[in-house]
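# Architecture and fold: a report
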Amino acid sequence: MEQSGDPSGQEAPAKRVALDRPVARVVALGVFLCVAAILAWIHRDDLMPPPEAPALAADDPVALCLAARAEDIDQMRADGVIDEGQATLFKSRAEALCVAQEGQGSGPPKLPGN
């Protein structure tokens, strides 16, 4: 039986492939960190939710209008005139009405004196 390779009977060490070298591992780690950073950036609102939107100022005309309408709607609900579903619907409509009346909606701005 003939042996191929080294006549001393020992097998020669295998040649290292480029992907087994330390440089390739550092590059792979860099790619992994870049992908993790991109995913963290994409899901930043899921990981760290933004703070709640600031409440409307007390002197804001839309807030004052909405507060008055909401009080009326809550009173109608307490009196039994409307049910919970209607109250929710009326409040959403009141919000649209207040925004439109104060000129902050999609319509034209209010003219002075109106």
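A short tour of the structure in this document, coming up. (Residues numbered from 1 in each chain as written. Predicted model: local features only at pLDDT ≥ 70, side-chain atom pairs only at ≥ 80, totals over all residues. Heavy atoms only, no water.)

## Things to note about a nonpolar patch on the surface
Where we set the bar: Patch criteria: residues need more than 30% relative accessible area and no salt bridge. Like-charged residues are merged within 9 Å; nonpolar side chains of Val, Leu, Ile, Met, Phe, Trp and Tyr are merged within 5 Å. Here the accessible surface of atoms and residues is derived via Shrake-Rupley with a 1.4 Å probe, and residues count as covered only by protein chains that are part of the display. The salt bridge criterion pairs a side-chain nitrogen of Lys or Arg with a carboxyl oxygen of Asp or Glu, the two atoms within 4 Å. Runs of H or I in DSSP of at least four residues are treated as helices and runs of E of at least two as strands, each being numbered from the N terminus.
On the surface, a cluster of nonpolar side chains totalling about 820 Å² of accessible area is made up of Val-23, Val-27, Val-31, Val-35, Ile-38, Leu-39, Trp-41 and Ile-42. Within the secondary structure, Val-31 sits in helix α1 (residues 22-42).

## Focus: the state of the cysteines
Defined as follows: Criterion for a disulfide: a pair of cysteine sulfur atoms at a distance within 2.5 Å. Burial classes: relative accessible area under 20% of the type maximum marks a residue as buried, over 50% as exposed, and values in between as partly exposed (1.4 Å probe, protein chains only).
Per the counting criterion, the structure on display carries one disulfide. Sulfur-sulfur distance for the disulfide between Cys-65 and Cys-98 comes to 2.1 Å. Sign of the S-S torsion, about -75 degrees for the bond between Cys-65 and Cys-98, identifies this disulfide as left-handed. Of this pair, Cys-65 sits in helix α3 (residues 61-79) while Cys-98 sits in helix α4 (residues 84-101), placing them 33 residues apart in sequence. Exposure class is identical for Cys-65 and Cys-98. Each is buried.

## Things to note about the pattern of salt bridges
Per the stated rule, a full pass over the model turns up two salt bridges. Here Asp-74 makes a salt bridge to Lys-91, at a shortest N to O gap of 2.8 Å. Of this pair, Asp-74 sits in helix α3 while Lys-91 sits in helix α4; the two residues are 17 residues apart in sequence, bridging distant segments of the chain. The exposure class assigned to Asp-74 is partly exposed, which follows from its relative accessible area of 39%. On the basis of relative accessible area, Lys-91 is assigned to the partly exposed category, the value being 33%.

## Brief notes about a positive patch on the surface
Let me state the cut-off plainly: His is not counted, nor are the chain ends; Lys and Arg add positive charge and Asp and Glu add negative charge. Here the site of a charge means atom NZ of a Lys, CZ of an Arg, CG of an Asp or CD of a Glu.
Together, Lys-15, Arg-16, Arg-21 and Arg-25 line one region of the surface with positive charge. For Lys-15, the location among the structural elements is in the segment before α1.

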